[in-house]
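Now for the letters of each chain:
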Amino acid sequence: MQAVAAFQANDERVGAARVALLSESLWRRRFGGDPTIVGQLITINTERYEVIGVVPASFRDIGRSVLTSTAAPQVFVPFTINRAQEHRGNHTIRVVGRLRSGVSMDQAQDEVRRIAAALEQQFPATNKGWGVQIDRISNTMFEQRVRPSLLMLLAAVVLVLLIACANVGSVLLARNLSRQRELALRSALAYFPVTNGRAKSL
């Protein structure tokens, strides 16, 4: 498999050459696992894109909601925003990132809050009352409205597992108690084997 090439900052510029990454499943299914796919041109929505790499199957699409996500993505392209055509009232962008070493969640939240406040002053018509909320990926994998139900389900599963473990332990203990005389006799015979009908001391 070809090594994965990362998108560059210039790839997001308006008018930049179109590039794309293929998922490993699409690469094998549609292109027969061709090792020379990198550098070739493919057509996506009537546009020509240059393939710059293949994303391995081990890649996880981080940040998608588990309950609302559809099939795994097959093609990855840079996210290009044309400021001349975009409407500032569009507030649907979701971003996944990694905090810089030494930066806490509170510090990052304070920074984006200041940025949101500056944008609200600069563009009051579209940004008034809008902000940015930072959260951990683990808290965003499930929709907020189903989290309580899932936590209750998890607690119920743990409780059932504990009950099952207790039942198995009780059964094993009961079997052991019922065989105490048998085990004692086996132990005695092991220490005093019978020879010619008489017990012989070891």
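Parameters at a glance
Counting from 1, residues in each chain are numbered in the order their sequence is written. Reporting in this predicted model follows two pLDDT cut-offs: at least 70 for local features of residues, and 80 or more for side-chain atom pairs to be given and counted; totals over whole chains, interfaces and linings ignore these cut-offs and use all residues. As a rule here, side-chain values come from all non-hydrogen atoms in the structure, and water together with hydrogens is ignored. Each helix is a run of H or I in the DSSP string that is no shorter than four residues. Each strand is a run of E no shorter than two, and both are numbered from the N terminus. Each residue is placed in one exposure class: buried if its accessible area under a 1.4 Å probe, protein chains only, is under 20% of its type's maximum, exposed if it is over 50%, and partly exposed if it falls in between. Contacts are residue-level and defined by heavy atoms, with any inter-residue pair within 4.5 Å sufficient. We define the nonpolar core as a collection of buried residues of types Ala, Val, Leu, Ile, Met, Phe, Trp, Tyr and Cys that are connected through side-chain atoms lying within 4.5 Å of one another. Salt bridge, as applied in this entry: a Lys or Arg side-chain nitrogen positioned within 4 Å of an Asp or Glu carboxyl oxygen. In this scheme, strands are said to pair when DSSP sees at least two bridges between them. Confidence of the predictor at the level of single residues is given by pLDDT, which spans 0 to 100.

Engineer: For this particular structure, what's the right way to read the overall build of the chain?
Structural biologist: When helices and strands are counted, the chain shows 5 helices and 6 strands. Along the chain, from the amino end to the carboxyl end, the secondary structure elements read β-α-β-β-β-α-α-α-α-β-β. Each of the 202 residues in the chain was classed as buried or not, and the buried ones make up 15%. Long-range contacts, defined here as pairs at least 24 residues apart, represent 63% of the contacts in the chain between residues at least 6 apart.

Engineer: Before we go on, may I ask you to explain the nonpolar core in this structure?
Structural biologist: As a rule of thumb, nonpolar side chains are buried together in soluble globular proteins. Residues Ala20, Leu22, Leu26, Trp27, Ile37, Ile42, Ile44, Tyr49, Val51 and Val54 constitute the largest nonpolar core, which totals 10 residues. Only β1 (19-23), α1 (24-31), β2 (41-44) and β3 (47-55) provide two or more residues apiece to this core. Among the elements that line this core, the one with the most residues is β3, at 3 residues. Sequence-distant contacts of tyrosine 49, that is, excluding residues within four places in its chain, are made with Arg18, Val19, Ala20, Gln40, Leu41, Ile42, Ile44 and Val77. In this structure, Val19, Ile52, Val55 and Phe76 belong to the second largest nonpolar core, which totals 5 residues.

Engineer: I'm lost on the pattern of salt bridges in this one. Help?
Structural biologist: Between side chains of opposite charge, a pair can form when the charged atoms approach closely. Inspection of every chain in the model, using the stated rule, returns 3 salt bridges. Arginine 28 is the salt-bridge partner of glutamate 24, the closest N and O atoms lying 3.0 Å from each other. On the criterion of helical spacing, the pair formed by glutamate 24 and arginine 28 is a turn pair, its members being 4 residues apart in helix α1. Residue class for arginine 28 comes out partly exposed when judged on its relative accessible area of 48%. Aspartate 110 is paired through a salt bridge with arginine 113; the nearest N and O atoms lie 2.8 Å apart. Separated by 3 residues within a single helix, aspartate 110 and arginine 113 lie in helix α2 (residues 105-122), roughly one turn from each other. Judged by relative accessible area, arginine 113 falls into the partly exposed class, the value being 46%.

Engineer: I tried to follow the sheet that holds β2 on my own but got confused; where do I start?
Structural biologist: Strands pair in a sheet through their backbones, by hydrogen bonds, and they do so in one of two ways: parallel or antiparallel. As summarised here, the arrangement of the 4 strands in space is β2-β3-β1-β4, forming an open sheet in which the pairing is mixed. Single-partner strands in this sheet number two, and they are β2 and β4 (75-76). Strand direction decides the pairing type here: β1 and β4, joined by 2 bridges, are antiparallel. Within β4, the position partnered with leucine 21 by the bridge is phenylalanine 76.

Engineer: For this particular structure, what's the right way to read the side chain of serine 23?
Structural biologist: With respect to the helices, strands and loops of the structure, serine 23 is situated in strand β1. The residues touching serine 23, leaving out its near neighbours within four places in the chain, are Val54, Val55, Pro73 and Gln74.

Engineer: Can you help me understand the confidence of the model for the chain in this one?
Structural biologist: Atom-level detail of predicted coordinates should not be read off regions where pLDDT is low. Per-residue confidence for the chain gives a mean pLDDT of 80, with 82% of residues at or over 70. Mean pLDDT values for the elements of the chain range from 51 in strand β6 (residues 198-199) up to 92 in β2. This model gives residues 65-69 a pLDDT under 50, and the stretch forms 13 contacts once residues within four places in sequence are excluded.

Engineer: I keep staring at the pairing of β3 and nothing clicks. Help me out?
Structural biologist: Moving residue by residue along a regular strand, the side chains alternate between the two faces of the sheet. Sheet topology places β1 next to β3; 5 bridges connect them, and they run parallel. For alanine 20, the partnering residue across the bridge sits in β3 and is valine 51. Hairpin connection of β2 to β3: 2 residues between the antiparallel strands, including asparagine 45 at a positive phi of 50°.

Engineer: Can you help me understand unusual backbone geometry in this one?
Structural biologist: When glycine is set aside, most residues are seen to have a negative phi, and most peptide bonds are trans. Notably, asparagine 45 is not glycine yet its phi reads approximately 50°, a positive angle. With respect to the helices and strands, the residue asparagine 45 is situated in the loop between β2 and β3. Phi at threonine 46 takes a positive value of approximately 70°, unusual for a residue other than glycine. Locating threonine 46 in the fold gives a position in the loop between β2 and β3. According to the relative accessible area criterion, threonine 46 is exposed, its value standing at 72%.

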